[in-house]
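So the chains spell out like this:
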Amino acid sequence: MGSAAAYQLARRGQRVLGLERYGPAHNRGSSHGGSRITRQAYFEDPAYVPLLLRATQMWESIEKESGRRIFYRTGGVMIGRPDSLTVSGSRRSAEEWDLPHEMLDAGEIRRRFPTMRPEPDEIALYEANAGLVVPEASVAAHLALAARSGAELHFEEPVLSWHAGDAGVRVTTADGVYTADRLVICPGAWAADVLADLGLPFRVERQVQFWFRPRGGTDAFLVDRHPIFLFGKAEKAGSSTVLAYTIGNSRE
């Protein structure tokens with residue numbers, strides 16, 4: 001978010017200073033790892049869909065402007081029983097916003113995607129526009145474009161404190177003090193520290209990510225032949241609690 005904010009503001013003609021406590025595209029934030037999925041039929045809430053539609057446009061724009069491959073359109077399947085939140089929520093978003101999608105029964109899932117083994121009573125929503133983004137490539141592209149657009153970027157310079165008043169903002173770092181008209185804060189897991197004065201109930205949660213190498217190799221899971229996928233399991237009949245939430249794909 002920090003790299004994207006720096007670029008988008010710089011390209012609009014703003015004078016931008018970016019401060020980062022670590023190096024560029026580091027491995028300590030949430031934007032790290034082998035891949036992150038992107039989709040439009042968001043099961044969490046249809047209110048996200050306009051943001052996701054705009055994000056799809058922007059991924060394509062960033063790729064064109066940076067000359068870097070960032071987004072892979074693989075398609076995506078959201079699998080579970082009809083009452084699971086993964087399926088019902090995805091379908092609600094797709095129907096509310098008229099998103100292109102298909103509903104597949106278990107047999108059709110197995111036929112189109114032989115690596116998947118759904119239960120007989122499980123179905124899936126298939127979304128052709130889903131895919132994955134490469135986190136570090138995205139951050140690096142945004143930073144390069146921000147610098148090209150005139151942003152001044154400082155790395156290994158953690159923010160110690162900040163203050164906002166009628167005359168603007170003042171930011172103190174390990175290396176100095178800066179003043180500006182506006183301040184954009186994208187602290188990630190350090191929100192509780194950086195925004196402590198706001199009294200907001202931030203709580204850091206550990207989200208563990210795993211990348212597995214499939215038995216027999218990755219050929220069946222490459223981006224040109226395998227979709228990203230989510231499996232949702234209902235706790236009991238009529239429940240929409242998501243107990244299993246699995247995401248997958250392979251770029252290499």
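Residues numbered from 1 in each chain as written. Predicted model: local features only at pLDDT ≥ 70, side-chain atom pairs only at ≥ 80, totals over all residues. Heavy atoms only, no water.

S.K.: Whenever I open this one, a nonpolar patch on the surface confuses me. Can you help?
M.R.: On the surface, Leu 198, Leu 200 and Phe 202 cluster together into a nonpolar patch covering about 280 Å² of accessible area. Within the secondary structure, Leu 198 sits in the loop between helix H6 (191-194) and strand S12 (228-232). (Patch = residues over 30% accessible without salt bridge, like charges linked within 9 Å, V, L, I, M, F, W, Y side chains within 5 Å. Areas by Shrake-Rupley, 256 points an atom, 1.4 Å probe, with all protein chains shown as cover. Salt bridge = Lys/Arg side-chain N within 4 Å of Asp/Glu carboxyl O. Helix = DSSP H or I, 4+ residues; strand = E, 2+ residues; numbered from the N terminus.)

S.K.: I'm lost on the sheet that holds strand S2 (residues 36-38) in this one. Help?
M.R.: Sheet strands line up and pair through hydrogen bonds in the backbone, either parallel or antiparallel. Strand order in the open sheet formed by three strands is S2-S7-S3, and the pairing between neighbours is antiparallel. In the strand order of this sheet, the two ends are held by S2 and strand S3 (71-73), each with one partner. Put simply, the sheet's adjacent strands are angled 30° from each other on average, direction ignored. Pairing of S2 with strand S7 (residues 131-133), which is carried by three bridges, proceeds in the antiparallel orientation. Paired with Arg 36 across the bridge in S7 is Val 133. (Pairing = 2+ DSSP bridges. Axes fitted to C-alpha atoms, helices over the stretch in contact; angles between N-to-C directions.)

S.K.: For this particular structure, what's the right way to read the side chain of Ser 138?
M.R.: Tracing the backbone through its elements, the reader meets Ser 138 in helix H5 (residues 135-148). Residues within four places of Ser 138 in sequence aside, it is in contact with Trp 59, Ile 70 and Val 133. (Contact = heavy atoms within 4.5 Å.)

S.K.: How should I be thinking about the pattern of salt bridges in this particular structure?
M.R.: Oppositely charged side chains may form a pair once their charged atoms are brought near each other. By the definition in use, this model includes nine salt bridges. For Arg 112, the salt bridge identified is with Glu 102, shortest N-O distance 2.9 Å. Placement of Arg 112 in helix H4 (residues 106-112) and of Glu 102 in strand S5 (residues 102-104) is noted, with a sequence separation of 10 residues between them. Look at Arg 112 and you get partly exposed, because its relative accessible area is 27%. (Buried < 20%, exposed > 50% of the residue type's maximum accessible area, 1.4 Å probe, protein only.)

S.K.: Honestly, unusual backbone geometry in this entry has me stumped. Any pointers?
M.R.: Of all residues except glycine, most have a negative phi; of all peptide bonds, most are trans. Its identity as a non-glycine residue notwithstanding, Ala 25 has a phi of 50°, on the positive side. Locating Ala 25 in the fold gives a position in the loop between strand S1 (17-19) and S2. The exposure class of Ala 25 is partly exposed, given its relative accessible area of 26%. Its identity is not glycine, yet Glu 156 carries a phi of approximately 55°, on the positive side.

S.K.: Any chance you could explain the layout of surface pockets here in plain terms?
M.R.: Once rolled over the atoms, a probe with the size of a water molecule shows which space is left empty. By volume, the second largest pocket amounts to about 170 Å³. In this structure, the second largest pocket is lined by Arg 21, Val 159, Leu 160, Ser 161, Trp 162, Trp 190, Asp 193, Val 194, Ala 196 and Asp 197. Put simply, the parts of the chain that give the lining of the second largest pocket at least two residues each are strand S9 (159-165) and H6. Ranked by residues supplied to the lining of the second largest pocket, first place goes to S9 with four residues. Taken together, the residues of the lining of the second largest pocket break down into six nonpolar, one polar and three charged. (1 Å grid on protein atoms, 1.4 Å probe; cavity = no way out; pocket = protein on both sides within 12 Å on 5 of 7 lines; lining within 4 Å. Points joined across faces, edges and corners; volume = space filled by probe spheres on them. Nonpolar A, V, L, I, M, F, W, Y, C, P; charged D, E, K, R; others polar.)

S.K.: Please clarify how the packing of aromatic side chains should be interpreted in this entry.
M.R.: Each aromatic ring pair is described using two quantities: the centre-to-centre distance and the angle formed by the ring planes. Enumeration according to the criterion identifies four aromatic pairs in this entry. With 4.8 Å between their ring centres and 50° between their planes, Tyr 42 and Tyr 48 make a pair best called tilted. Owing to a relative accessible area of 40%, Tyr 48 belongs among the partly exposed residues under this scheme. An angle of 75° between the planes, with centres 6.0 Å apart, marks the rings of Phe 229 and Phe 231 as edge-to-face. The burial state of Phe 229 is the same as that of Phe 231; both residues are buried. Above the face of the Tyr 22 ring, Arg 28 is positioned so that its terminal group lies 4.2 Å from the ring centre. The side chain of Arg 112 reaches across the aromatic face of Tyr 126, ending 5.0 Å from its centre. (Phe/Tyr/Trp six-rings, centres within 6.5 Å; stacked < 30°, edge-to-face > 60°. Lys NZ or Arg CZ within 6 Å of the ring centre and 35° of its normal.)

S.K.: Before we go on, may I ask you to explain the sheet that holds strand S4 (residues 76-80) in this structure?
M.R.: If you trace the four strands from one edge of the open sheet to the other, you get S5-S6-S4-S12, paired in mixed fashion. Here the strands that pair on one side only, and so sit at the sheet edges, are S5 and S12. The sheet shows a mean angle of 20° between the axes of neighbouring strands, direction not considered. Sheet analysis places S4 next to S12, joined by five bridges and oriented parallel. Paired with Gly 76 across the two strands is Ile 228, which belongs to S12. On the sheet, helix H3 (residues 85-96) packs against S4, S5, strand S6 (123-127) and S12 and is oriented at approximately 130° with respect to S4.

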